[in-house]
Amino acid sequence: PRPGGPGSSVHALSEAIASLARMKFEEVLGPPHVAPFLSNLAQLYARYAASLAVDRALQTFVGPLTLDYYVEHAKARSAPVRAPVDAMLSLVDAPEEQVERARSCFEWCVAGLQLYDDALDVEDDFKERRLSWVVSETLRALDARGPEDVPDAGLFYETALVEGFLIRNLAAAEVLFKKALRLAEPAFPNCVDCLEAMLRHT
């Protein structure tokens, strides 16, 4: 663990596992200059492996979980779904600028979807000890510092609603969908309707 509490320890775990997974994938797939797409695939799955480990670690503590960190975690969880997007971009030999725009658009969108889903699933996440950002913020407001401090379910739900944590969570999802929309509008018109619908739902 690094100084700074549970959040930094989980971040260190994520970095260490991603690095190890990337090394193992590249042993099999070859160095980046030999197969750029396969190297990118290794990077995606290394991030995904780390995110799964972090999910387990987050069940063992109740600590501060920043929105920025949680958004990056959501992006990492989407790695297996982003792999086909990268494959398609590689097959059509898309220019680098368009590749980066597509990746960013996709990742802002999936992070927004994760926050939207967290708002819908807040009761289940609390009950099953899945530490989403909205659950973390609500527990922090209730000064719950460990498993022995977990509050009554009714008090938890009331706090999440009355203190505005669910609203802040959905507002953050809106911001992420808007970022994705700005990237989609000039380059990927077929994505625009989908993203606008997500904004309306949120």
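Rules of the game
Residues numbered from 1 in each chain as written. Predicted model: local features only at pLDDT ≥ 70, side-chain atom pairs only at ≥ 80, totals over all residues. Heavy atoms only, no water. Helix = DSSP H or I, 4+ residues; strand = E, 2+ residues; numbered from the N terminus. pLDDT = per-residue confidence, 0-100. Phe/Tyr/Trp six-rings, centres within 6.5 Å; stacked < 30°, edge-to-face > 60°. Buried < 20%, exposed > 50% of the residue type's maximum accessible area, 1.4 Å probe, protein only. Arc of directions from axis to C-beta. Contact = heavy atoms within 4.5 Å. Polar contact = N/O pair within 3.5 Å; in protein donor to acceptor, adjacent residues only side chain to side chain. Axes fitted to C-alpha atoms, helices over the stretch in contact; angles between N-to-C directions. Parallel < 35°, antiparallel > 145°, perpendicular 65-115°, else oblique.

Tracing the backbone shows E196 in helix 10 (residues 189–201). Each C-alpha atom, one on E196 and one on F177, is 8.2 Å from the other, the two residues being 19 residues apart in sequence.

A separate point is the confidence of the model for the protein chain. Low pLDDT means the predicted coordinates in that region are not meant to be read closely. Per-residue confidence for the protein chain gives a mean pLDDT of 82, with 84% of residues at or over 70. By mean pLDDT, helix 1 (residues 6–29) is the weakest element of the protein chain at 69, and helix 9 (residues 165–187) is the strongest at 94.

Tallying each qualifying case throughout the model produces 3 aromatic pairs. Ring geometry for F126 and F156: centres 4.0 Å apart, planes at 10 degrees, overall stacked. A residue pair is termed long-range when its members are at least 10 positions apart, and F126 in helix 6 (residues 122–127) and F156 in helix 8 (residues 153–162) qualify at 30 residues. By relative accessible area, F156 is classed as buried at 0%.

Let's shift gears to helix 8. Inspection of helix 8 places F156, T159 and A160 among the buried residues, and these make up the whole buried set. Across the axial projection of helix 8, the buried residues extend over an arc of 100 degrees, all falling on one side. Exposed side of helix 8, more than 90 degrees from the buried face: L161 and V162 are the residues found there. Contact partners of the buried residues in helix 8: helix 6, helix 7 (133–141) and helix 9. Capping the start of helix 8 is the job of one residue whose side-chain oxygen sits 3.0 Å from the backbone nitrogen of G154: D152.

Another point: the packing of helix 7 against helix 8. In contact at an axis separation of 9 Å, helix 7 and helix 8 are set at 105 degrees when each is read in the N-to-C sense. In terms of orientation, helix 7 lies roughly perpendicular with respect to helix 8. Residue-level contacts link V135, T138, L139 and A141 of helix 7 to F156, T159 and A160 of helix 8.

Here we come to helix 10. Of all the positions in helix 10, only V192, L195, M198 and L199 are classed as buried. Angular distribution of buried residues about the axis of helix 10 spans 130 degrees; they occupy a single face of the element. Exposed positions of helix 10 whose direction lies more than 90 degrees from the buried face are N190, D193, R200 and H201. Buried-residue contacts for helix 10 involve helix 5 (96–120) and helix 9.

One non-glycine residue, D93, lies in the positive phi region at around 55 degrees. Turning to its location among the elements, D93 is positioned in the loop between helix 4 (79–91) and helix 5. Residue D93 is classed as exposed on the basis of its relative accessible area of 65%. Positive phi, close to 60 degrees, is recorded for R129, a residue that is not glycine. Structurally, the position occupied by R129 is in the loop between helix 6 and helix 7.

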